[in-house]
Amino acid sequence: MPKSVEIDSRSGFCGGVIHAIQTAEKLLRSEKELYSLGDMVHNEAELSRLSGKGLVSIDYDDLDQIVEAGGKHLIIRAHGEPPATYARLRSLGFEIVDCTCPVVLNLQEMIRRTYEKSLEYGGSILIFGKVGHAEVLGLVGQTESSAVVVENTVQLDEKISLGELDTSRDIDVFSQTTMSPPEYAALCDRLRTRMRDGAELTVHDTICRQMASRHRQLQDFAANHDVILFVSGRTSSNGKVLSELCKEANFRTFNIVRAGNIKREWFRPDDRVGICGATSTPKWLLEEVAACVENLQ
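Q: Run through the overall build of the protein, naming residues and quoting values.
A: Scanning the protein from N- to C-terminus turns up 11 helices and 12 strands. Relative to a compact globule of 297 residues, whose C-alpha radius of gyration would be 19 Å, the protein shows 21 Å and is just as compact. Across its three principal axes, the protein shows a C-alpha extent of roughly 65 × 55 × 25 Å. Here the protein holds 297 residues, and 52% of them are scored as buried. Partitioning the intrachain contacts of the protein with sequence separation of at least 6 by distance along the chain shows that 71% fall at a separation of at least 24. If you sum the accessible surface of the protein, you get close to 14,200 Å²; carbon and sulfur atoms cover 48% of it. Of the side-chain charges in the protein, 34 are positive and 43 negative, and the distance between the mean point of each set is 4 Å.

Right, here's the structure in full:
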């Protein structure tokens, strides 16, 4: 059995996810079934818990069928949606329960205003984020799908070489709220070297401040323990970013989805074990993992 087990006090749901889940649970007290457009969180264990309460995750192809079956309330999760989605939901008669994170809503508005201005001077909008991620789709939707999305400097260079990003014109660059601050800085630095004379680059600080400070704090937490168990859903974009930070600080970092993934051979008798997770990882799951480690024989 390890010497000690500590749960990172700042791990667990971010404010936007907490609000969305609390809203869903409140509605489910009076409704047998509630629909969420896409998974409420990128965590299999939490989705299973919410499903047991009556929350049903659906996608765009299910909307017409849900309407015919009498479904009314539909939750927009914390990631947000593009304007076209709201228009379609209203046309189908859904009662929209908008749980978009306030930080994401603010970013959507910033991009929408910038896009409207760019129509006058011919500039471009670049978004640093995960291609196809729900939040990114909502951001791109503010630009009538004209924004360019890249995940790294390699993709940035490719877009410029192919002429999909014109560096002879002004460019406004934004980041998905949960991306890595150092990677965003590196991308912006690279873009500066590719800008042509006369063109202006405007960098917007749009990474969630809670997330930015979380990166620094989590690396310190990982470095101060012998073993790290990082708990996250398989599809969590934020989880991938944060787990890599832990691995950079502590090579004995193990990614797990639930307590059942833990292996006894990972630990030594004198180990100080740290348990942490993504912003989509519930506290109850971190506590379950901690209890499992404490009870190892």
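Q: Provide a residue-level description of the packing of helix α7 (residues 153-161) against helix α8 (residues 181-194), including the pertinent values.
A: α8 packs onto α7 with a crossing angle of 25° between their chain directions and a minimal axis gap of 10 Å. Put simply, α7 runs roughly parallel to α8. Here the hand of the crossing between α7 and α8 comes out right-handed. Contacts between α7 and α8 involve Thr153, Leu156, Asp157 and Ile160 on the former and, on the latter, Ala186, Leu187, Arg190, Leu191 and Arg194.

Q: Any details on the sheet that holds strand β3 (residues 55-58)? Residues and values, ideally.
A: Pairing is parallel across the open sheet formed by four strands, whose spatial order is β3-β2-β4-β5. What marks the edges here is a single partner per strand, and that holds for β3 and β5 (95-98). Looking at each pair of strands side by side, their axes are set apart by 30° on average, direction ignored. Note that strand β4 (residues 73-76) and β5 share four bridges and pair parallel. Looking across to β5, one finds that His73 is bridged to Glu95. Sheet contacts for helix α1 (residues 15-28): β2 (34-37), β3, β4 and β5; angle to β2, the most-contacted strand, approximately 155°. In this fold helix α4 (residues 83-92) packs onto β2, β4 and β5, with an angle of close to 145° to the strand it touches most, β5.

Q: Break down the packing of aromatic side chains for me, citing the residues and quoting the values.
A: Across all of its chains, the model carries three aromatic pairs by this definition. Taking 4.3 Å as the distance between ring centres and 10° as the angle between the ring planes, the aromatic pair formed by Phe254 and Trp266 counts as stacked. Taken as a pair, Phe254 in strand β11 (residues 253-256) and Trp266 in the loop between β11 and β12 (272-277) lie far apart in primary sequence, 12 residues in all. Looking at Phe254, the relative accessible area reads 22%, which means it is partly exposed. Each member of the aromatic cluster is reached from another via a ring pair, and the members are Phe254, Trp266 and Phe267.

Q: So what's going on with the sheet that holds strand β10 (residues 227-231)? Residues and values would help.
A: If you walk across this open sheet you meet the four strands as β1-β12-β10-β11, and the pairing is parallel. Across the chains shown, the open sheet's two edge strands, defined by having one partner strand only, are β1 (4-7) and β11. The mean inter-strand angle of the sheet, taken between neighbouring strand axes irrespective of direction, is 20°. Where β10 and β11 come together, four bridges link them in parallel fashion. Within β11, the position partnered with Leu229 by the bridge is Phe254. Its contacts with the sheet put helix α11 (residues 283-294) on β1, β10, β11 and β12, and the angle it makes with β12 is roughly 160°.

Q: So what about unusual backbone geometry? Which residues, and what values?
A: Positive phi is not limited to glycine here, since Glu144 has a value of about 55°. For Glu144, the location among the structural elements is in the loop between α6 (134-140) and β7 (148-150). Note on Glu144: relative accessible area 63%, which makes it exposed.

Q: Could you give me a rundown of the pairing of strand β8 (residues 171-175), with the residues and numbers involved?
A: The buried fraction of β8 amounts to five of the five residues, a majority that puts the element mostly inside the structure. With burial as the criterion, each face of β8 is covered, one bearing Ile171, Val173 and Ser175 and the other bearing Asp172 and Phe174. When strand β6 (residues 124-128) meets β8, the two strands line up parallel, connected through five bridges. The partner of Phe128 across the bridge, within β8, is Ser175. Summarising the sheet, β8 and strand β9 (residues 201-203) pair through three bridges and their orientation is parallel. By the bridge assignment for β9, Ile171 is matched with Leu201. Each parallel crossover has a hand, and for β8 linked through α8 to β9 it is right-handed.

Reading guide: rules and limits
Residues numbered from 1 in each chain as written. Predicted model: local features only at pLDDT ≥ 70, side-chain atom pairs only at ≥ 80, totals over all residues. Heavy atoms only, no water. Helix = DSSP H or I, 4+ residues; strand = E, 2+ residues; numbered from the N terminus. Rg over C-alpha atoms; globule rule 2.2 N^0.38 Å. Buried < 20%, exposed > 50% of the residue type's maximum accessible area, 1.4 Å probe, protein only. Contact = heavy atoms within 4.5 Å. Areas by Shrake-Rupley, 256 points an atom, 1.4 Å probe, with all protein chains shown as cover. Lys, Arg positive; Asp, Glu negative; His and termini not counted. Charge placed at Lys NZ, Arg CZ, Asp CG, Glu CD. Axes fitted to C-alpha atoms, helices over the stretch in contact; angles between N-to-C directions. Parallel < 35°, antiparallel > 145°, perpendicular 65-115°, else oblique. Left-handed = near helix turned anticlockwise from the far one by under 90°. Pairing = 2+ DSSP bridges. Phe/Tyr/Trp six-rings, centres within 6.5 Å; stacked < 30°, edge-to-face > 60°. Right-handed = clockwise from strand over helix to strand, strands pointing away.

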